[in-house]
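Notes for the structure review
Here is how the chains run, residue by residue.
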Amino acid sequence: MKHHLYPHSTTFSPDPQTVLSFDLEGRLISVFLQGTVYKRDLSSGVHVRYQQQGRQREKLSGEEARQFYSKVQDLLLRHQDDFPAELSARLKSVYGPEQLMQEKERFLHVYRPISILPPDQYLAVVLQATEGCTWNKCTFCNFYADRPFKVKTPLEFQAHVQDVKNFLGQGVLLRRSVFLADGNALALGFSRLQDMLKTTREAFPGLPISSFIDVFTGNKHTREEWKALKELGLQRVFIGMESGLDEVLSFINKPGSQQDLQEFVSDLKAAGLQVGLILMVGVGGQEFREPHAQASLDALEQMPLDREDLIYLSPFVEHPGFTYSEKRQSLGLTPMSELEVEAELSRLAKILRSRGLKAARYDIREFLY
């Protein structure tokens, strides 16, 4: 039997094929069991990743999650008499199945659904300064289709921050940063953002802050304002670049242009901020494959990026019924296969890394919070 008592979590491994981890509140984080990984999100949904082909990932139903939590509890009970004293002390407050299932209600009291985060922010403290997206008209996206854009008042935001702190408890020690959500939170007015960042920094001192913004909205802030926001803890600005080809941006109804993006990134870098650019791979289908790739590489080459910046390559997944799908079919464009998208993603990643840039995969299907 092995165990590790970390400053932020506890792991317990009764055998080489089984590893369980818990936060300091006693909530299950993940289980590795005979090659299969089970991860619990903050609303106690269980996400499973399998090794075998054909069934790589799924989310358990509510009843399946309850049964899984019961199995975890049984496993702990079978081994508790063998626990060293320090492990027993850590695990004495472990949540049982019913407590874990009740976390969904607690989560929904604190949050509206968290639709998406950048991959390096999956272990962030998420604060929903806004709900929804200011634009919300891109043809490929329905992340915020279920809610209108709303900004929390200063009092609402302060209450939300306190609710998040209470909900996370000692589990906050797992969190590496703060993400100001939802889509386009940085589109708020400068004074409102100042107040929100001050509140955030007071609640979570020492944690760097990141957030999304689009090119169209981002140009409303001056370089001096971005510098001031950096002084208040803002570290990285994430931008849905999607493509460096204006024709593709128009096709997906994404506001802004390649020139707008280059100027915006230059302002952010001049202010001392790090950027995260999200580039879709496969958007526009076969006909746009090469022009999209070349224009995107050219655009990135002209930006003042450095090793602190991130470029995420997101494999494009076409969902039937979206406006994108209807528009693609009307124009007679040919979608790229999954294998073709993967090959293109690998090719672009190799080129970007050869230029000294950080390029990583961003698969929205793997997102959970």
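Provided above is the structure to which this section pertains.
One structure accompanies this document, and this report is about it.

1. Some thoughts on the packing of helix α4 (residues 154-168) against helix α5 (residues 190-203)
Contact pair α4 / α5: the axes reach a minimum separation of 11 Å and the direction vectors enclose 25°. Between α4 and α5, the interaxial angle falls into the category roughly parallel. Crossing hand, α4 versus α5: right-handed. Judged by residue contacts, P154, F157, Q158, V161 and K165 of α4 engage R192, M196, T199, T200 and A203 from α5.

2. Some remarks on the pattern of salt bridges
Counted according to the given criterion, the structure contains 19 salt bridges. Here R27 and D23 are joined by a salt bridge, their closest N and O atoms 3.0 Å apart. Two residues, E318 and R328, come together in a salt bridge whose shortest N-O distance is 2.9 Å. Remark: R328 occurs in helix α11 (residues 323-331) and E318 occurs in the loop between β15 (310-315) and α11; sequence separation between them is ten residues.

3. Section: the sheet that holds β15
Sheet architecture is open: seven strands sit in the order β8-β11-β12-β13-β14-β15-β16, paired in parallel fashion. Across the chains shown, the open sheet's two edge strands, defined by having one partner strand only, are β8 (124-128) and β16 (358-361). Ignoring strand direction, the axes of neighbouring strands in this sheet form an average angle of 25°. For strand β13 (residues 234-242) and strand β14 (residues 274-281), the ladder comprises five bridges, and the chain directions are parallel. Within β14, the position partnered with F238 by the bridge is G276. Relative to β8, α4 is tilted by about 145°, and along the sheet it contacts β8 and β11 (177-181).

Basis of the calculations
Residues numbered from 1 in each chain as written. Predicted model: local features only at pLDDT ≥ 70, side-chain atom pairs only at ≥ 80, totals over all residues. Heavy atoms only, no water. Axes fitted to C-alpha atoms, helices over the stretch in contact; angles between N-to-C directions. Helix = DSSP H or I, 4+ residues; strand = E, 2+ residues; numbered from the N terminus. Parallel < 35°, antiparallel > 145°, perpendicular 65-115°, else oblique. Left-handed = near helix turned anticlockwise from the far one by under 90°. Contact = heavy atoms within 4.5 Å. Salt bridge = Lys/Arg side-chain N within 4 Å of Asp/Glu carboxyl O. Pairing = 2+ DSSP bridges.

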